[in-house]
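# Reading the structure
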Amino acid sequence: MGIFDFLRQPDINQGIRDYNQATNAVLLDVRTPQEYREGHVPGSRNLPLQSIDQAAGVIKDKSTPLFVYCYSGSRSSQAVSRLMKMGYQNVKNIGGMASYSGKVEL
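Everything in this summary refers to the structure shown in the same document. (Residues numbered from 1 in each chain as written. Predicted model: local features only at pLDDT ≥ 70, side-chain atom pairs only at ≥ 80, totals over all residues. Heavy atoms only, no water.)

Turning to the environment of Leu66, a few remarks are in order. If you trace the backbone, Leu66 turns up in strand β3 (residues 66–70). Expressed as a C-alpha distance, the spacing of Leu66 and Tyr19, which sit 47 residues apart in the sequence, is 8.2 Å. Not counting the four nearest positions on each side in its chain, Leu66 is found in contact with Val26, Ile59, Leu83, Tyr88, Asn90, Val91 and Lys92. (Helix = DSSP H or I, 4+ residues; strand = E, 2+ residues; numbered from the N terminus. Contact = heavy atoms within 4.5 Å.)

The side chains of a regular strand alternate, first on one face of the sheet and then on the other. Alternating positions in strand β1 (residues 26–29) separate into two faces, Val26 and Leu28 on one and Leu27 and Asp29 on the other, with burial throughout. Note that β1 and β3 share four bridges and pair parallel. Counted as the bridge partner of Val26 is Leu66 from β3. Looking at chain direction, β1 and strand β2 (residues 45–46) are connected through two bridges and run parallel. Its bridge partner being in β2, Asp29 is matched across the sheet by Asn46. (Buried < 20%, exposed > 50% of the residue type's maximum accessible area, 1.4 Å probe, protein only. Pairing = 2+ DSSP bridges.)

Here it is, written out as structure tokens:
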């Protein structure tokens, strides 16, 4: 581990590969509805950070693998810690759309 590892953002492209291999996983985009409409990872569900407290209405099973992203990785990091406080056990921040190189859905 290097001294600046904490500065390194997760790799969203690796995160998407992990998501595709997980069973019953949910890909969560925590950007605003406007950002989501401008382009998102295919198959993702939009649950904006400001509405993250409503996650239980969207994802009932707290053991469901959740792969969370935003634009830069900052909001997804906040969302992950809030989801974990809500009892979700399998939550991963996969980073931000800014470095995503796959297909985008409008």
